[in-house]
Structure formats: structure tokens, C-alpha cells
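The chain contents come next:
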Amino acid sequence: MIIILKNGAPKEEVDALCRGLEAQNIRINEVKGAHTTILGLIGDTHKVDMEAIEAQEIVESVQRVQEPYKGVNRKFHPENTVINVSGSLIGDGNVAVIAGPCSIETEEQIVDTCMQVKAAGANFLRGGAFKPRTSPYSFQGLRDEGLKLFLKAKKATGLPIVTELMSLSHLDLFDDVDIIQVGARNMQNFEMLKELGKCNKPILLKRGLANTIEELLMSAEYIFAGGNPNIILCERGIRTFETQTRNTLDISAVPVLKTLTHLPVIVDPSHATGKYELVEPMSMAAVAAGADGLIIEVHNNPQKALCDGAQSLTPKHFASCMDKCRQIASVLNKKVGTLE
Ligand code: PEP
Ligand code: MN
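Keep in mind that this is a model prediction, so the values were computed, not measured. (Residues numbered from 1 in each chain as written. Chains lettered and ligands numbered in written order. Predicted model: local features only at pLDDT ≥ 70, side-chain atom pairs only at ≥ 80, totals over all residues. Heavy atoms only, no water.)

K.L.:
Now, about the sheet that holds strand β2 (residues 27-32): what can you tell me, with residues and values included?
P.N.:
With antiparallel pairing, 4 strands are arranged side by side in an open sheet as β2-β3-β1-β4. Both edges of this open sheet fall to β2 and β4 (59-63), since each of them pairs with a single strand only. The sheet shows a mean angle of 20 degrees between the axes of neighbouring strands, direction not considered. Note that strand β1 (residues 2-5) and β4 share 4 bridges and pair antiparallel. (Pairing = 2+ DSSP bridges. Helix = DSSP H or I, 4+ residues; strand = E, 2+ residues; numbered from the N terminus. Axes fitted to C-alpha atoms, helices over the stretch in contact; angles between N-to-C directions.)

K.L.:
Which residues make up the site of ligand 1, and what values go with them?
P.N.:
Around ligand 1 sit Arg126, Lys131, Pro132, Glu164, Gln181, Gly183, Ala184, Arg185, Lys206, Arg236 and His271, and that is every residue in its neighbourhood. The side chain of Arg126 places a nitrogen or oxygen atom 2.8 Å from an oxygen atom of ligand 1. Within the side chain of Arg185, a nitrogen or oxygen atom sits 2.9 Å from an oxygen atom of ligand 1. Taken by itself ligand 1 offers 290 Å² of open surface, and the protein chains cover 97% of this. Counting atoms within 2 Å of the grid points, the majority share of ligand 1 lands in the largest pocket. Residue composition of the shell around ligand 1, by class: 2 nonpolar, 3 polar and 6 charged. (Near = heavy atom within 4 Å. Polar contact = N/O pair within 3.5 Å; in protein donor to acceptor, adjacent residues only side chain to side chain. Areas by Shrake-Rupley, 256 points an atom, 1.4 Å probe, with all protein chains shown as cover. 1 Å grid on protein atoms, 1.4 Å probe; cavity = no way out; pocket = protein on both sides within 12 Å on 5 of 7 lines; lining within 4 Å. Sits in = over half its atoms within 2 Å of the grid points. Nonpolar A, V, L, I, M, F, W, Y, C, P; charged D, E, K, R; others polar.)

K.L.:
Hey, could you go over the environment of Asp144 for me, with residue numbers and the actual values?
P.N.:
With respect to the element layout, Asp144 can be found in helix α4 (residues 143-157). The sequence separation of Asp144 and Phe174 amounts to 30 residues, and the corresponding C-alpha distance is 9.3 Å. If sequence neighbours within four positions are ignored, Asp144 has contacts with Phe130 and Leu173. (Contact = heavy atoms within 4.5 Å.)

K.L.:
Describe the nonpolar core, and please don't skip the residues or the numbers.
P.N.:
In terms of nonpolar packing, the biggest core is built from 62 residues, with Leu205, Leu233 and Phe318 touching the most fellow members. Not counting the four nearest positions on each side in its chain, Leu233 is found in contact with Leu205, Leu216, Leu217, Ala220, Leu257, Thr261, Leu263, Pro264, Val265 and Ile266. One finds Val14, Cys18, Ile26 and Ile58 within the second-largest nonpolar core, a separate group that totals 15 residues. (Core = buried A, V, L, I, M, F, W, Y, C linked by side-chain atoms within 4.5 Å. Buried < 20%, exposed > 50% of the residue type's maximum accessible area, 1.4 Å probe, protein only.)

Right under this line is the structure:
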């Protein structure tokens, strides 16, 4: 971090600023120019309150030269984080596949869909029990009943399950959930992130609808700083002016995130596009861009789905999407899902 001082800043005030920083174990390198004095801060500056310094009369501006996230930063942890859920891996260099319906509707629907995605090579199952819906009149999910049905699908397939937590008050219901999803709308629910930092389950953190890559990393940092390093990041499309797709898939977020952080990065082509026919090409693009995984909505009868039917693949289409992704991945010497 560097602090640029105003011209003519009184020496006593500069000294007081420096002493305050030194008390935080920061060393200071003062560079006096003809017109400007710059203080270079050396040490662990991630807890230094930039805004408080900037508010001081003698300070012209403050600039960070290093990212404000430390725990999730690749610079301090060059090796990739690999998430291991009972032997199913995310971040090991292959493409992990999480698949299943948007929401859990009936036992037949969830178990049948999950059996079919398993047959097509999915490593993990997805399904929403608590649904974040724009309208309070839309289907809100089967809640705790939905979780019970999802556990039946987990038992029938033997695959680990991923589902969204909408409120910390439901956390007790999530004991048998393998990966807790924090949805786009909760990416900056900082109290929730802090609490999830204390739990030992992997967290799938989705990028907010209108959040930058740095904001996503800062949210991951909350979970990491709380003591939970098992975080998977998910690019799921962001709001832009484009109306042809539900969101705009920021495919460049994948290589950008892979450079900035050691955490695994997966892509959700379903919510990114909102259209089932775009899911396969965007899945292939995600694999080509270096994603560690995909999370794809699949429904055994999309036309009857209670949520997100238009973006859901049939199990047959999902199997063909997996085939296409395997062809792309073979160029990169990667495996997609559980099938060779
Ligand atoms: C979901 O995965 O079911 C979901 C609601 O996604 P997002 O939070 O990305 O909108
Ligand atoms: Mn959905």
C-alpha cells in the first residue's frame, strides 16, 4: 500500500500517522520527491483501514499495490485447492459435473432425474429445496420436505449432493448435505458468509448478479478468514444490457479467477443463459476456458418443471452435452465427470 501525502503536510502530523501504522506492525519507507512525499507501507497491510487513512487531512490518496484478499490469493498459496467430498474431487485438474433439477418437486422427479444424470457421468447432484424466486407467488421449493426427498436421491445414487442455503436459520437441516450453495443473491450476505466460515462443509459460492470478480473473491475471503478453506467459486452470468440471454456468461472470469486464486472455479451455463439450447455450447466453452467444473440443470420433464424449465436439459440432451464436453476436454487431457 502507498500513501501519497499532500504538499506541505506538517511533519508532526506525518510522524503521528507513521507511528499509528508502526503500531500495526507496518514498516514505512518514506520517499521525498520535489513536490510530493510518498509513504510506502511494508508488511501485512490487509487489515489497514484505507478509508480512515484517506480521511486524514494530510493525505492526498491511498493506493493498494496488492489485492485486499490474502487467504484466497494465489500469490500466497500457489498450489490449487482440491475439494474432496467422500472421494469425489473438484479442482484436481479434471472437470467435475454437478447436475440435477433446479428444484426438488416430487420423489419420482428427483430420484429419476438423479439416476439419469449419474448414468451420464455426473459426479455430484444438484437440487433446490429453498428457492430464491423473484416473485413471492412463484413456487418457493419444498423446503425441509424437499431436503428429505433429495436424501433419497443421494441414497439411490451414492452421489454427494449440493443444495442452496437461503437462511442461517435452516443450517441445522443441512447436516447430510455435502456441499452448501450460497446463491447469487446471497453472495454479499456477510453474516451468512462469516457463519459458513465456521462450518466444515465445502461451500459453493456463486457470483452475484452484478458483482465484480474482486467482490466475489472478497466474499470468498470472508469464508476463508472464518476458518473454512473449502470454497468453490461459480461464474453464473452477470447482468448486462443484453436481453437475448437471461444473463451474460462472463467466460473470461474463468481464466482471470484461475490466475488470481487457488480456489476451484466452476461454470453454471444454465442460469447464465436461461435457454436450454445454449447450455451445451456454453458448457463446451467453459471446459475450453479451463473451468474445474460445471453445474447444469437437468429435469426429467422440463416442460412440466416448476422452476427454470426453459433452461433445463432433458437427461438425453445432458448425456450428449457431456459427450461434447468430453471431446473438448480430451484436447486438454482432462476427464469430464465419472465416465472415460
Ligand atoms: C440455483 O442454482 O438454483 C440458483 C438459484 O442460482 P443463482 O443463485 O446463480 O441464480
Ligand atoms: Mn434454477
